[in-house]
Amino acid sequence: MQQASHEREAWGSRVGFVLAAAGSAVGLGNIWRFPYVTGQNGGAAFVVIYILFVLLIGMPVMVAEIAIGRHARRNPVGAFRKIAPKGLWPLVGFLGVATGIGILSYYSVIAGWTFGYFIKTLLGAFSQSMTSEQSIVVFNQFVGNPLIAIGHLFLFILFTAVVVMGGVSAGIERWVKILMPLLLVLLLILTIRSVTLEGARKGLEFYLKPDFSKLDGGAIAMALGQALFSLSLGMGAMITYGSYVGKQDNIIVSAGWVCFFDTLVAILAGFLIFPALFARGLDPASGPGLVFVVLPTIFAEIPLGSFFGAGFFLLLTVAALTSTISLLEVTVAYMVDEKKWRRKPAALFMSCLAFLLGIPSALSFGGVDWLSRMPRIGLGFLDLMNIFMGNYSLTIGAFLISIFVGYKWGMAGIRAEVEQAGAVFFFRKTWTFLIRFICPVAIFAIFVYIVVTKNYF
Ligand code: TRP
């Protein structure tokens, strides 16, 4: 499987890239997080703001990242170094690689739970009706057991490593071509089940009826943060995936597809979650515990509940896996390009690192007391990681990437890259305006807002 050392790997096809990038984007952020955040922030009104941010900020930054990657054909560190050899820009790449390991470490903890709940549901753990209190006990025992928590973290990182070790087209692309269609099919089946439940209507009303009174600064910051995280922007994941894109592909069109799929899955996830919740008279604002605590109380009550329940957690597992693959790949690409490591040892090394760094996060739900509620800060270790990696680092990264493309690399540079092989740069003037003015200002404003108000996303 060893590549000739000077020949860079590449996607086998444009569809392969779009699926892999959409796989990176579609993850726990869409199916686990988007519905409950929407529930807490005004339903349909929040969705409208969210879609605006995807179009006005997410899409331009995604085009910027893919173009940087394809132009330089390197990992984020090497890419900045190639386009701007002098100066501090490669640090943006380093920040990205470090953030990749960081997010991978705690994201895999939650992804590990989804896999554990898939197995649990499959084995019939939720085939008898349960009250919410019982469900909370089950959940706390599960996540608070150190061995179980670390074991699932280990398993999930192992799955990720196995795919990434296979390489770009023979590993990642081959797997996403199976996993992404599976995800869409599962999502559609489950959503149809959910909206046809008796009493689903109230959930649909809640989801679709805008409540503009809830749209405060916090909700707006949340919408932008959610858009960046959900689209996998701000740390060079799309630079890395973009570095394997062929010169004949139209970057604008590919980025458009990725944004479209990501948003589609998030919105569908709302149609899946809310009707099921309301059909059972449960609280839509239950927050992060929603899918692990609330949903299992429903499985025993609906026809074929265990089957659909297992399907749901399988869906989450698949979505999370195609995301962790991209996180690991960023760090592997860095080791392969910059340190001249071979892919397999690089993937093993980086996944060990992510595993070790993930252990404190895995223990922060009761496994170890001081990690669960850290002295003086009052937060768990995983929450802290998410604040630094998911909030601060991604906003800083996305801000610097738009400044880099808008002012350093410049419009002539990116235009030459996008228009390779005669591709049309759709909406070029609008895009230029967005990346130079709107993106940096909006992202910076959000950064200041979350620092000052501690309204994290
Ligand atoms: N986008 C993924 C989700 O919504 C998570 C993710 C994968 C990610 N790769 C990323 C987030 C890179 C930020 C940066 O679950």
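Now for a quick tour of the structure. (Residues numbered from 1 in each chain as written. Predicted model: local features only at pLDDT ≥ 70, side-chain atom pairs only at ≥ 80, totals over all residues. Heavy atoms only, no water.)

1. Notes on the site of the ligand
- Within the structure, the ligand sits among 16 residues, and A25, G29, Y107, F229 and S232 are positioned closest to it.
- The backbone of S24 places a nitrogen or oxygen atom 3.3 Å from a nitrogen atom of the ligand.
- Separating a nitrogen atom of the ligand from a backbone N or O atom of S230 is a distance of 3.1 Å.
- When the ligand is considered free in solution it has 360 Å² of accessible area, and contact with the protein chains removes 100% of it.
- Among the secondary structure elements, those contributing two or more residues to the shell around the ligand are α1 (14-25), α2 (28-40), α10 (217-230) and α15 (305-338).
- Here the residues of the shell around the ligand sort into eight nonpolar, eight polar and no charged. (Near = heavy atom within 4 Å. Polar contact = N/O pair within 3.5 Å; in protein donor to acceptor, adjacent residues only side chain to side chain. Areas by Shrake-Rupley, 256 points an atom, 1.4 Å probe, with all protein chains shown as cover. Helix = DSSP H or I, 4+ residues; strand = E, 2+ residues; numbered from the N terminus. Nonpolar A, V, L, I, M, F, W, Y, C, P; charged D, E, K, R; others polar.)

2. A few points about the environment of W175
- With respect to the helices, strands and loops of the structure, W175 is situated in helix α8 (residues 168-195).
- On the basis of relative accessible area, W175 is assigned to the partly exposed category, the value being 33%.
- Between the C-alpha atom of W175 and that of L19, which follows or precedes it by 156 residues, the distance is 9.9 Å. (Buried < 20%, exposed > 50% of the residue type's maximum accessible area, 1.4 Å probe, protein only.)

3. Concerning the packing of aromatic side chains
- For the coordinates displayed, the defined rule picks out 42 aromatic pairs.
- Taken together, a centroid distance of 6.4 Å and an interplanar angle of 15° make the contact between F80 and W89 stacked.
- A network of ring pairs unites the aromatic residues W113, Y117, F126, F139, F142, F292, F299, F312, F313 and F365 as a single cluster. (Phe/Tyr/Trp six-rings, centres within 6.5 Å; stacked < 30°, edge-to-face > 60°.)

4. What about the packing of helix α16 (residues 343-362) against helix α18 (residues 381-418)?
- Direction vectors running N to C along α16 and α18 enclose 120°, while the axes themselves pass 7 Å from each other. In terms of orientation, α16 and α18 fall into the oblique class. Side by side, α16 and α18 meet where L357, P360 and S361 of the first sit next to F381, L382 and M385 of the second.
- In terms of residue class, the contact of α16 with α18 is made up of five nonpolar, one polar and no charged. (Axes fitted to C-alpha atoms, helices over the stretch in contact; angles between N-to-C directions. Parallel < 35°, antiparallel > 145°, perpendicular 65-115°, else oblique. Contact = heavy atoms within 4.5 Å.)

5. Let's talk about unusual backbone geometry
- In this structure, L304 is a non-glycine residue whose phi angle is positive, near 55°.
- Looking at where L304 falls in the secondary structure, it is placed in the loop between α14 (296-299) and α15.
- Residue class for L304 comes out exposed when judged on its relative accessible area of 60%.
- For K454, which is not glycine, the phi dihedral falls at a positive 55°.
- Along the polypeptide, K454 turns up in the segment after α19 (428-453).
- K454 gets classed as exposed once you look at its relative accessible area, which sits at 57%.

6. A short note on helix α4 (residues 76-83)
- Across the eight residues that make up α4, a large majority, six, are buried.
- Three or more residues of α4 are buried, namely P76, V77, G78, A79, F80 and I83.
- Where α4 begins, the side chain of N75 points an oxygen toward the backbone nitrogen of V77, at a separation of 3.0 Å.

7. Some points on the environment of V265
- Of note, V265 is situated in helix α12 (residues 251-279).
- Residues V265 and V54 lie 211 residues apart in sequence; the distance between their C-alpha atoms is 13 Å.
- With residues near it in sequence (within four places) discarded, V265 still touches V26, N30, I31, L183 and L187.

8. Brief notes about the pattern of salt bridges
- Evaluation of the coordinates by the stated rule reveals nine salt bridges.
- Between R8 and D337 there is a salt bridge, with its nearest N and O atoms 2.9 Å apart. With R8 in the segment before α1 and D337 in helix α15, the pair connects residues that are 329 residues apart, well separated along the chain.
- Ionic pairing is found between E205 and R201, a salt bridge with its closest N-O pair at 3.5 Å. With E205 and R201 both in helix α9 (residues 200-208), this residue pair falls four residues apart, about one helical turn.
- Look at E205 and you get partly exposed, because its relative accessible area is 42%.
- Judged by its relative accessible area of 62%, R201 falls in the exposed class.
- Several salt bridges share partner residues, and in doing so they unite E9, E329 and R343 into one network. (Salt bridge = Lys/Arg side-chain N within 4 Å of Asp/Glu carboxyl O.)

9. Side note on α9
- Within the sequence span of α9, burial applies to A200, G203 and Y207. The arc that holds the buried residues of α9, viewed along the axis, is 60°, so those residues lie on one side. Exposed side chains of α9 directed beyond 90 degrees from the buried face belong to R201 and K202. (Arc of directions from axis to C-beta.)

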